[in-house]
Amino acid sequence: MTLLVLVAVVGLCIGSFLNVVIHRLPRMLEQGWRTQCAELSGETAQPAARYNLLVPRSQCPACGHRIGALENIPVLSYLFLRGHCLACKAPISARYPIVELITAALTVAAILRFGATPAGIAASVFLWMLVALTFIDFDTQLLPDNLTLPLLWAGLFANLVGAVPSVTLRDAVIGAIAGYLLLWLIYWAFKLIRGKEGMGYGDFKLLAALGAWLGWQMLPLIVLLSSVVGAAIGISLVAFKGRDHQIPLAFGPYLAIAGAIALFFGKPLVALYLPG
């Protein structure tokens, strides 16, 4: 029990950091793109203020109040502040404690499933990356290479050192190749038939990363699960929130959710179509 409490606390702290990644990484990329565009056009780019995952300190977007250490305790600070800024009382998004709780729950689940072992640690890292990618893609319809490519290489490395049970390095390499090619082929088939893009290249890289972690055998299951989850959420948004069905939905979150399901429950499900 003590171990699980410690794991939950670590998960909450990681979730707090993931909130920073989710908020800042897209803005960091946008700042970099603007600088590159200015250089290519021959303009003199104005020096930008230092902005990364560590600098500047977190602050209220409404009034600029610097967030102190006691205001930054995962979940507890949100509850103590009653979801409002200490200085200006502007509402704080419930997204922050939700991400922290989801991350903590997934971390505990990973340790319960795989133990306090290299496999459990690897599974936790895998899930943390999926949480960050899920919320970034929901917000921006962007799956940054800064996350998808390290996730892919981390999956190959984890399988190289035997940190992923029942997946060989051969299965992982084939999974990475097949994952990318599968969505690449679907992308071009859709584009040739419909004359427009149906998904982004980030989706190819994310499925390749899932294949690198879980092996090629999981790919049909992941694609099926992501389609089912995506259809269910898409229909719900149209039915209950009146979302225009013509507005494209980010596909990355559904791949990430399917990848997490496959991590925990993939083996018995794969056995249904790959017996033995």
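Before reading on, note that the structure itself is shown above.
Residues numbered from 1 in each chain as written. Predicted model: local features only at pLDDT ≥ 70, side-chain atom pairs only at ≥ 80, totals over all residues. Heavy atoms only, no water.

1. Quick word on the pattern of salt bridges
In total, this model carries three salt bridges according to the counting rule given. When the shortest N-O distance is used, the salt bridge between arginine 95 and aspartate 139 registers 2.7 Å. Linking arginine 95 in helix H3 (residues 95–114) with aspartate 139 in helix H4 (residues 118–140), this pair joins segments that are 44 residues apart in sequence. You can call arginine 95 partly exposed: its relative accessible area is 25%. By relative accessible area, which is 45% here, aspartate 139 ends up partly exposed. Of the charged contacts in the structure, one is a salt bridge between aspartate 145 and lysine 205, with a shortest N-O distance of 2.8 Å. Here aspartate 145 is found in helix H5 (residues 145–160), whereas its partner lysine 205 is found in helix H7 (residues 201–214), with 60 residues between them in sequence. With relative accessibility at 36%, the residue aspartate 145 sits in the partly exposed group. (Salt bridge = Lys/Arg side-chain N within 4 Å of Asp/Glu carboxyl O. Helix = DSSP H or I, 4+ residues; strand = E, 2+ residues; numbered from the N terminus. Buried < 20%, exposed > 50% of the residue type's maximum accessible area, 1.4 Å probe, protein only.)

2. Thoughts on the side chain of asparagine 159
Inspection of the secondary structure assignment puts asparagine 159 in helix H5. Of the polar contacts made by the side chain of asparagine 159, one reaches the backbone oxygen of glycine 155; its length is 3.0 Å. Residues in contact with asparagine 159, not counting those within four places in the same chain, are Val164, Val167, Thr168, Leu169, Ala172, Ala212 and Trp213. (Polar contact = N/O pair within 3.5 Å; in protein donor to acceptor, adjacent residues only side chain to side chain. Contact = heavy atoms within 4.5 Å.)

3. What to know about the nonpolar core
One finds Phe126, Leu151 and Ile222 to be the most contacted residues of the largest nonpolar core, which totals 57 residues. For this core, the element with the most residues is H4, which contributes 13 residues. Apart from residues lying up to four places away in sequence, phenylalanine 126 is in contact with Leu151, Leu210, Trp213, Leu214, Gly259 and Leu263. (Core = buried A, V, L, I, M, F, W, Y, C linked by side-chain atoms within 4.5 Å.)

4. Points about the environment of phenylalanine 138
Structurally, phenylalanine 138 can be placed in helix H4. For the pair phenylalanine 138 and alanine 262, spaced 124 residues apart in the sequence, the C-alpha separation amounts to 21 Å. Among all residues touching phenylalanine 138, those that are not within four sequence positions of it are Pro253 and Tyr254.

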